[in-house]
Amino acid sequence: MNKSDFYYELPESFIAQEPLSKRDESKLMILDRKTGEIEHGRFKDVVEYLNSGDCLVLNNTRVIPARIFGKKTTGAEVEFLLLKRLDINRWQTLVKPGRRAKPGSVFEFGNGELRAEVLDVAEGGTRIIEFTYEGVFEEILEKLGRMPLPPYIMAKLEDQERYQTVYSKESGSAASPTAGLHFTEDLLVKIMDKGIEIAYVTLHIGLGTFRPVKEELIEDHEMHSEYYVLDEENADRINRAKKNGNRVIAVGTTANRVVETLGNESGLVCSGSGWTNIFIYPGYRFKVIDAIITNFHLPESTLIMLVSAFVDRETILEAYETAKSEGYRFFSFGDAMFIY
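Residues numbered from 1 in each chain as written. Predicted model: local features only at pLDDT ≥ 70, side-chain atom pairs only at ≥ 80, totals over all residues. Heavy atoms only, no water.

**Q** Would you explain the overall build of the protein in this entry?
**A** Each helix and strand counted, the protein has seven helices and 17 strands in total. By principal-axis analysis of the C-alpha atoms, the protein measures approximately 60 × 45 × 40 Å. Among the 340 residues that make up the protein, the fraction classed as buried is 53%. The long-range fraction of contacts in the protein, counting pairs at least 24 apart against all pairs at least 6 apart in sequence, stands at 70%. Only carbon and sulfur atoms are counted for the fraction: they give 46% of the accessible area of the protein, which is about 15200 Å². When the 41 positive and 53 negative side-chain charges of the protein are each reduced to one mean point, those points stand 3 Å apart. (Helix = DSSP H or I, 4+ residues; strand = E, 2+ residues; numbered from the N terminus. Buried < 20%, exposed > 50% of the residue type's maximum accessible area, 1.4 Å probe, protein only. Contact = heavy atoms within 4.5 Å. Areas by Shrake-Rupley, 256 points an atom, 1.4 Å probe, with all protein chains shown as cover. Lys, Arg positive; Asp, Glu negative; His and termini not counted. Charge placed at Lys NZ, Arg CZ, Asp CG, Glu CD.)

**Q** Looking at this structure, I do not really get the sheet that holds strand 7 (residues 90–96). What am I missing?
**A** In sheet architecture, strand pairing relies on hydrogen bonds along the backbone and comes in two forms, parallel and antiparallel. A barrel is described by the order of its strands in space; here six strands give the closed sequence 5-6-7-10-9-8, paired in antiparallel fashion. With strand direction ignored, the average angle separating the axes of adjacent strands in the sheet is 45 degrees. Of the strand pairs in this sheet, strand 6 (residues 77–85) and strand 7 are connected by six bridges, and their pairing is antiparallel. If you follow Glu79 over to strand 7, its bridge partner there is Lys96. Docked against the sheet, helix 1 (residues 137–144) engages strand 5 (67–72), strand 6, strand 7, strand 8 (106–109), strand 9 (114–121) and strand 10 (127–133), running at close to 135 degrees with respect to strand 6. (Pairing = 2+ DSSP bridges. Axes fitted to C-alpha atoms, helices over the stretch in contact; angles between N-to-C directions.)

**Q** Got a minute to help me understand the packing of aromatic side chains in this structure?
**A** We describe a pair of aromatic rings using the distance from one ring centre to the other and the angle between the two ring planes. Per the counting criterion, the structure on display carries 25 aromatic pairs. Ring pairs connect the aromatic residues Tyr8, Phe14, Tyr152, Phe296, Tyr320, Tyr328, Phe330 and Phe331, which therefore count as one cluster. The side chain of Lys27 reaches across the aromatic face of Tyr328, ending 5.3 Å from its centre. When the ring centre of Phe310 is taken as origin, the NZ or CZ atom of Arg33, which lies over that ring, is 3.8 Å away. (Phe/Tyr/Trp six-rings, centres within 6.5 Å; stacked < 30°, edge-to-face > 60°. Lys NZ or Arg CZ within 6 Å of the ring centre and 35° of its normal.)

**Q** What is the right way to look at the sheet that holds strand 16 (residues 291–295) in this model?
**A** Reading across the sheet, the nine strands line up as 2-1-17-16-14-3-12-13-15 and stay open at both edges, with mixed pairing between neighbours. Among the strands making up the open sheet, the edge pair consists of strand 2 (38–42) and strand 15 (272–276). When the angles between neighbouring strand axes are averaged without regard to direction, this sheet yields 20 degrees. Note: strand 3 (residues 55–59) against strand 12 (residues 197–203), five bridges, orientation parallel. Note on strand 12: the bridge partner recorded for Asn59 is Val201. Against the sheet, helix 6 (residues 302–310) makes contact with strand 16 and strand 17 (336–339), and its axis sits at roughly 150 degrees relative to strand 16, the strand it touches most. With respect to the sheet, helix 7 (residues 313–325) is in contact with strand 1 (27–31), strand 2, strand 16 and strand 17, its orientation differing from that of strand 1 by roughly 150 degrees.

**Q** Can you help me understand the nonpolar core in this one?
**A** In a soluble, globular protein the nonpolar side chains are often hidden away together inside. The biggest cluster of nonpolar side chains holds 64 residues, and the ones touching the most others in it are Ile238, Ile316, Phe330 and Met337. Here this core takes six residues from helix 6, the largest share from any one element. If near-sequence neighbours (up to four positions away) are discounted, Ile316 is found in contact with Leu31, Ile304, Val307, Ser308, Val311, Met337 and Ile339. Ile68, Leu81, Val95 and Phe131 belong to the second-largest nonpolar core, a separate cluster that totals 23 residues. (Core = buried A, V, L, I, M, F, W, Y, C linked by side-chain atoms within 4.5 Å.)

**Q** Explain helix 1 to me, please; I cannot follow it from the model alone.
**A** An α-helical turn contains 3.6 residues, so any two residues separated by three or four positions project in the same direction. Three or more residues of helix 1 are buried, namely Phe137, Ile140 and Leu141. One face of helix 1 carries all of its buried residues, which in axial projection span an arc of 100 degrees. For helix 1, the exposed residues lying more than 90 degrees away from the buried face are Glu139, Glu142 and Lys143. Where helix 1 is buried, its residues meet strand 5, strand 6, strand 7, strand 9 and strand 10. (Arc of directions from axis to C-beta.)

**Q** Help me understand the environment of Lys194 in this model?
**A** Here Lys194 shows up in the loop between helix 2 (185–193) and strand 12. Judged by its relative accessible area of 33%, Lys194 falls in the partly exposed class. Measuring from C-alpha to C-alpha, the distance between Lys194 and Ala241 comes to 14 Å, with 47 residues separating the pair along the chain. Residue contacts for Lys194: discarding those within four places in its chain leaves Val47, Glu48, Leu50 and Ser52.

**Q** What is the right way to look at unusual backbone geometry in this model?
**A** Where the residue is not glycine, phi is negative for most of them; where a peptide bond is considered, it is trans in most cases. Put simply, Lys96 and Pro97 share a cis peptide bond, and its omega is -10 degrees. Among the structural elements, Pro97 can be located in the loop between strand 7 and strand 8. Of note, Glu300 is a non-glycine position whose phi angle comes to about 60 degrees, a positive value. Note on placement: Glu300 falls in the loop between strand 16 and helix 6. For Phe331, which is not glycine, the phi torsion reads 75 degrees and is therefore positive. As for its placement among the helices and strands, Phe331 is situated in the loop between helix 7 and strand 17. Exposure remark for Phe331: the relative accessible area of 6% places this residue in the buried category.

Here is the structure:
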């Protein structure tokens, strides 16, 4: 398939620049993937579409303040985006402007609390850097770093927690699993009170989120690997739903990718941790996931390709056109879909 098969027009006015004051008041499109029938509601209504015994899979990654600004020892200013932690002090990063970050270059951040040396140039022009500092790295990063909002969000985010899910726990992500931003603690209580199980996975979102598909043939696109964890207790919750004939519902494309990475042909998952570069596009046969809660994604992105694999490309593109006509808000701070 061609990348251009997943293109659609989207005026900038549809891109949500800030979150709603109440997370669960966003719009919710409910799409029956078998019939193509569409309903409209509010996200807080999602509980009505979930059944007792279903298992909702949430990605509990927590975004780190991964954007840091520093200076070369010559005084030239640079911006670093931390993408992947390789060990205690080494990271894979994006650097702007990259020409200033040649191997051997040294940069300082803040008042010298943090220093970085470029060790190597890696895939996609990213840089492998090593930090030196005194104290606790996470505390220094919390002081110096900024939330790495997507480039299409121009507005300043006053409350940094609005780019975190209410259930975020495991720090290490360069972006938020944005389908989860719609949940409130009260809504999660209502969901559990209805007899729906919640399983948590962790997938630290990295370069793949920021990297567009460049190849015209999507089969030639290579996903960057991202670190995931699914422990035994949460794997058991997913498997219990499958064995009882209930649905496993992924909240977001990242939760989906973890579950499908660990799923087998019987529809069950095993616990585990590691790196996944699974690329899901039309033609993929889902092993575990029965329904998806997701946002509206960028044209020609791997994310819209994933949801097109779950339904079909034509139905998804038609649903996106309906969303535009109904005034839905798109992308990270936008509205949501429930596809079943």
